[in-house]
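Examining the three-dimensional arrangement
In case you want the letters, here they are:
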Amino acid sequence: MAVRGVFGGSVGDTGTTSFLDQVRTEPTLSPARGLRRFLAKDPQESDLSRRRFRLREGASRTVFTDAEKSYVFGFNAVMSREVEKVEEISEEQRPFGYEGAAAACTVLDLLTLTRGRRLHELLAGPAQHHRHAAYLGAGRAYALLRLRPVWGARRAHPLLRWLAVDGFGFQWSLTRTDRMVGERTMPDLLTRAHCAVFDQGLGRLLWYHDCASPDDVSARIGGYPAARRADLWSGVGFAATYTGGAEIEELWWLTEHAGADGFRAHLAQGCAFAVAARLRSGALPDHAAQAVPILAGAEPEEAASWTDRALIALGHEAHTHEDFQSWQSQTRRSWTRRDRH
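Keep in mind that this is a model prediction, so the values were computed, not measured. (Residues numbered from 1 in each chain as written. Predicted model: local features only at pLDDT ≥ 70, side-chain atom pairs only at ≥ 80, totals over all residues. Heavy atoms only, no water.)

Here's the deal with the packing of helix α11 (residues 226-242) against helix α12 (residues 248-261)
Let me state the cut-off plainly: Only the stretch in contact is used when a helix axis is fitted, and all axes are lines through C-alpha atoms; the angle between N-to-C directions ranges over 0 to 180 degrees. Secondary structure elements are taken from DSSP: a helix is a run of H or I of four residues or more, a strand is a run of E of two residues or more, and numbering for both begins at the N terminus. Reported orientations rely on four angle classes, namely roughly parallel under 35 degrees, roughly antiparallel over 145, roughly perpendicular from 65 to 115, and oblique for the rest. Crossing chirality is assigned from the near helix's rotation relative to the far helix, an anticlockwise turn below a right angle marking it left-handed and a clockwise turn marking it right-handed. Note on contacts: a residue pair qualifies if any of its non-hydrogen atoms lie within 4.5 Å across the two residues. Charged residues are taken to be Asp, Glu, Lys and Arg, nonpolar residues to be Ala, Val, Leu, Ile, Met, Phe, Trp, Tyr, Cys and Pro, and polar residues to be all remaining types, Gly included.
At a closest axis distance of 11 Å, the pairing of α11 and α12 adopts a crossing angle of 165°. One finds that α11 runs roughly antiparallel with respect to α12. You can see that α11 and α12 cross each other, and the crossing is left-handed. Along the contact surface, α11 presents Arg229, Trp233, Val236 and Ala240, while α12 presents Leu251, Leu254, His257, Ala258 and Asp261. Tallied by class, the residues present in the contact of α11 with α12 amount to six nonpolar, one polar and two charged.

Here is the structure:
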């Protein structure tokens, strides 16, 4: 029986789209016009090697480049007024496309002072099955404009909007890698409540930065203060499941490293959130289906249900940062209880 995922929709379907199929069906966009043409992104921004990331040759490098390529496409689709073309990219890449579309909508909303109108319309329409990705994208927009992340679309999910801070953390770290990864600084824009969620976005970025190498990612996290490492591991667990990039043996090594650092439950929790979001978006990619039993120690449907039960337990009024943290901690407790049996 299918289980309702935490982000809505049923879970239990699996599927994948080959890279060759994606290349064959890749749509094209019309040039952006007016002021929007100055906001459109250069497709070369998806080449992470230009940012001095430690990219390995092979599948991992392709995975991360494809994700950013889809993000840039979605961003430019909004600028070209052709957001419907995001539906034409492969199902596996579509969440990244809507992440970019949400970033573009948020940039336009902020620049035109429309109080989140475009983002809300995207969430209520084309991106209704990709709300997680859309909030991550909204956060990336705030980082692009160097503004403190705020909610943007208050009529949407009261807890998912905290993910804008995660997206902010990813984008801020992406464009300031030397400071965020090398010097391990924290932006002055953030409140104390934001910092933990910011580090989850930074954790996702570290997975990209070190090209899904468990040894390198673990060593990188080990350089941060202990108080920050739990959230970094949560972000890594999310990225390893949501985006992929690692082989099965490397995923096992990742669990070993997280356990040795004392944050195995946080890795599992990040994985559970990722599979819930992926199942909400559509068919579960093969890389995610392979990652969940290793990182979460459960089948995808069960891991996704942990987040669902935790959300129900919080009630309809949950909306604060403390509620968001409780959502995550209760998900970790579900993993802990299962791991003990």
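Details of the pattern of salt bridges
Test applied: Any carboxyl oxygen of Asp or Glu that lies within 4 Å of a side-chain nitrogen of Lys or Arg is treated as forming a salt bridge with it. The rule is simple: take the accessible area with a 1.4 Å probe, protein chains only, and divide by the maximum for that residue type; under 20% is buried, over 50% is exposed, in between is partly exposed.
Per the counting criterion, the structure on display carries 12 salt bridges. Among the ionic pairs, Glu121 bridges to Arg117, the shortest N-O distance being 3.5 Å. Linking Glu121 with Arg117, this pair stays in helix α5 (residues 117-124), spanning four residues, or about one helical turn. Residue Glu121 is classed as partly exposed on the basis of its relative accessible area, which comes to 46%. Looking at Arg117, the relative accessible area reads 38%, which means it is partly exposed. Among the ionic pairs, Asp261 bridges to Arg229, the shortest N-O distance being 3.1 Å.

A word on the layout of surface pockets
Put simply, the rule is: Within this scheme a cavity is a closed region of a 1 Å grid, computed over the protein atoms alone, that accommodates a 1.4 Å probe without allowing it to escape, whereas a pocket is open but has protein on both sides within 12 Å along at least five of seven lines; lining residues each have an atom within 4 Å of a point. Grid points are joined across faces, edges and corners, and a volume is the space filled by probe spheres set on the points.
Put simply, the second largest pocket is a space of about 360 Å³. Along its surface, the second largest pocket is lined by 18 residues, and Glu26, Pro43, Ser46, Lys69 and Phe73 are the ones closest to its centre. Ranked by residue count, the leading element in the lining of the second largest pocket is helix α3 (residues 59-79), at seven residues. Grouping the amino acids of the lining of the second largest pocket by side-chain chemistry returns six nonpolar, eight polar and four charged.

Topic: empty space enclosed by the protein
For the coordinates displayed, the defined rule picks out three cavities of 30 Å³ or more. The volume enclosed by the largest cavity comes to roughly 80 Å³. Around the largest cavity sit His132, Leu163, Asp166, Gln200, Ser234, Gly235, Phe238, Gln269, Gly270, Phe273, Phe324 and Gln328, which together line it. Listed by contribution, the elements that provide at least two residues to the lining of the largest cavity are α7 (163-175), α11, α13 (264-281) and α16 (321-340). Within the lining of the largest cavity, the residues separate by chemical class into four nonpolar, seven polar and one charged.

Details of unusual backbone geometry
A positive phi angle is found at Arg81, which is not glycine, with a value near 60°. Positionally, Arg81 belongs in the loop between α3 and α4 (94-112). Positive phi outside glycine occurs at Leu113, with the angle close to 55°. With respect to the secondary-structure elements, Leu113 resides in the loop between α4 and α5. Residue Leu113 is classed as exposed on the basis of its relative accessible area, which comes to 72%.

Let's talk about the packing of aromatic side chains
Defined as follows: Pairs were defined over the aromatic rings of Phe, Tyr and Trp, the Trp ring being its six-membered one, requiring ring centres within 6.5 Å. Orientation was assigned from the angle between planes: stacked under 30 degrees, edge-to-face over 60, tilted for the rest. Think of it as a cone above the ring: NZ of Lys or CZ of Arg counts as a charge over the ring if it is within 6 Å of the ring centre and within 35 degrees of the ring normal.
Under the definition given, this model contains nine aromatic pairs. Seen from their ring centres, Tyr71 and Phe75 are 6.5 Å apart, and the 45° between their planes marks the pair as tilted. Placement of the pair is Tyr71 and Phe75 together in helix α3, with a separation of four residues, close to one helical turn. One exposure class covers both Tyr71 and Phe75, and it is buried. With centroids separated by 5.2 Å and ring planes inclined at 75°, the aromatic side chains of Phe170 and Tyr208 adopt a geometry described as edge-to-face. Of this pair, Phe170 sits in helix α7 while Tyr208 sits in helix α9 (residues 192-209), placing them 38 residues apart in sequence. Summarising the burial analysis for this pair, Phe170 and Tyr208 share the class buried. Put simply, the rings of Phe64, Phe170 and Tyr208 touch in pairs and so form one group of aromatic residues. Taking the ring centre of Tyr71 as reference, the NZ or CZ of Arg140 above it sits at 3.6 Å. Positioned above the aromatic ring of Trp172 is the side chain of Arg176, whose terminal nitrogen or guanidinium carbon lies 3.5 Å from the ring centre.

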